[in-house]
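# Structure at a glance
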Amino acid sequence: MAAVPGQSPSRVRVMPLGDSITDGFKYYPGGYRVELRRRLVADGHALDFVGSLANGPVELGDRDHEGHIGWRIDQLDAEIDSWLQQSDPRTIMLLIGTNDLNQNHDTADAPARLSALIDHIRAVKPQCELFVATLPPQSNAVLESRVRAYNAEIPHVVAQKGPHTHLVRIYDALTINDLADGIHPTEEGFRKMAAVWHGALRAVPRSLAPIPGISAIPHAITTKEAG
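Cut-offs and rules
Residues numbered from 1 in each chain as written. Predicted model: local features only at pLDDT ≥ 70, side-chain atom pairs only at ≥ 80, totals over all residues. Heavy atoms only, no water. Helix = DSSP H or I, 4+ residues; strand = E, 2+ residues; numbered from the N terminus. Buried < 20%, exposed > 50% of the residue type's maximum accessible area, 1.4 Å probe, protein only. Contact = heavy atoms within 4.5 Å. Areas by Shrake-Rupley, 256 points an atom, 1.4 Å probe, with all protein chains shown as cover. Salt bridge = Lys/Arg side-chain N within 4 Å of Asp/Glu carboxyl O. Phe/Tyr/Trp six-rings, centres within 6.5 Å; stacked < 30°, edge-to-face > 60°. Expected span 1.5 Å × (residues − 1). Axes fitted to C-alpha atoms, helices over the stretch in contact; angles between N-to-C directions. Parallel < 35°, antiparallel > 145°, perpendicular 65-115°, else oblique. Nonpolar A, V, L, I, M, F, W, Y, C, P; charged D, E, K, R; others polar. Pairing = 2+ DSSP bridges. Right-handed = clockwise from strand over helix to strand, strands pointing away. Left-handed = near helix turned anticlockwise from the far one by under 90°.

Next up on the list: the overall build of the protein. Looking only at helices and strands, the protein has 7 helices and 9 strands in total. Each of the 227 residues in the protein was classed as buried or not, and the buried ones make up 52%. In the protein, the share of contacts with a sequence separation of at least 24, taken over all contacts with a separation of at least 6, comes to 74%. Of the roughly 9,500 Å² that the protein leaves accessible, carbon and sulfur atoms contribute 53%.

The structure is reproduced here in structure tokens:
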């Protein structure tokens, strides 16, 4: 089916945004998106995952996303304006920072880079509902200490970004037993993540409803798989 922004008001455009954890990676392609979509469809929501990438199992159906394997915050930030213009999301699910920490890329300033990325998203899509997640745990003690330090700053960052930006506590839902390789979740770990995302979205009903009276920015038609 073809999805044209602004012409299908019953379908809510949701952008999963991040790195390989959003992608799902080799351990469970599709990641949390598989179970999350199942839950939302079961709730009766008509949604459209959007993004320039696509992967996942047949049962996912709608495979689009912006989960870029190996990418850091600054790399997402460099492309975010064009992705937002092209995909026109109503709701964005952001989980990013793992590669900043694991690549030891100026980790002390990672929260500031996250803040700047959120500002850029808010500038382009001021009415979108933006959900910002804490990172999952890691099994390596050094990396885990970086995760905890970074996650501790995320609530402070989110609190400064207004009522349309929301904190999602992914870290609290997983343990190292939910990791396939010490970094990426197992299928069960992704299911736990999906449950947290699901609860967060449901807690903000407008995130699952079209923006009333707002026409989307026109762009080329994107062919979507039926789901």
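So that's the structure; there's more coming.
Turning to the pattern of salt bridges, a few remarks are in order. Summed over the entire model, instances satisfying the criterion amount to 15 salt bridges. Between Asp100 and Arg113 there is a salt bridge, with the nearest N and O atoms lying 2.9 Å from each other. Here Asp100, found in helix α4 (residues 98-102), pairs with Arg113, found in helix α5 (residues 110-124); they are 13 residues apart in sequence, far enough to count as distant. Looking at Arg113, the relative accessible area reads 15%, which means it is buried. Among the ionic contacts, a cluster of salt bridges with common partners joins Glu35, Arg38, Arg39, Glu187 and Arg191.

Counting through the fold element by element, Arg39 comes out in helix α2 (residues 32-42). A residue is classified by how much of its surface remains accessible, and Arg39, at 26% relative accessible area, is partly exposed. Separated by 155 residues in sequence, Arg39 and Ala194 place their C-alpha atoms 8.5 Å apart.

In this section: the environment of Val58. Within the fold, Val58 resides in the loop between β4 (53-54) and β5 (64-67). You can call Val58 exposed: its relative accessible area is 67%. Each C-alpha atom of the pair Val58 and Gly30 lies 9.8 Å from the other, and the pair is 28 residues apart in sequence.

As enumerated under the stated definition, the model contains 4 aromatic pairs in all. When the ring of Tyr28 is compared with that of Phe190, the centres are 6.1 Å apart and the planes differ by 35°; the resulting orientation is tilted. One end of the pair, Tyr28, is in the loop between α1 (20-23) and α2; the other, Phe190, is in helix α7 (residues 187-202), with 162 residues separating them in the sequence. Here the two residues Tyr28 and Phe190 agree in accessibility, since each one is buried.

Next up on the list: α7. With 16 residues, α7 extends 22 Å between its outermost C-alpha atoms, agreeing within 8% with the 22 Å of an ideal straight helix rising 1.5 Å per residue. By the burial criterion, the buried members of α7 are Gly189, Phe190, Met193, Ala194, Trp197, His198, Ala200 and Leu201. Check the buried side of α7 and you find it contacts α1, α2, β6 (91-95), β7 (129-133) and β8 (165-168).

Right, let's talk about the packing of helix α3 (residues 73-87) against α5 for a bit. Relative to each other, α3 and α5 sit at 5°, their axes nearing to 10 Å. Relative to α5, the element α3 lies roughly parallel. Contact residues: α3 offers Ile73, Asp74, Leu76, Asp77, Ile80, Asp81, Leu84 and Gln85, while α5 offers Ala110, Arg113, Leu114, Ala116, Leu117, His120, Ile121 and Val124. Its residues assigned to classes, the contact of α3 with α5 comprises 10 nonpolar, 2 polar and 4 charged.

A few words on the pairing of β8. Relative to β8, β7 runs parallel, the two sharing 4 bridges. Paired with Leu130 across the bridge in β8 is Thr165. With respect to chirality, the unit in which β7 leads through helix α6 (residues 141-159) into the neighbouring parallel β8 is right-handed.

Our focus in this paragraph is the packing of α5 against α6. At their nearest, the axes of α5 and α6 sit 9 Å apart, and the two run at 35° to each other. Of the two possible hands of crossing, α5 and α6 adopt the one that is right-handed. Side by side, α5 and α6 meet where Ala110, Pro111, Leu114, Ser115 and Ile118 of the first sit next to Tyr150, Glu153, Ile154 and Val157 of the second. Its residues assigned to classes, the contact of α5 with α6 comprises 7 nonpolar, 1 polar and 1 charged.

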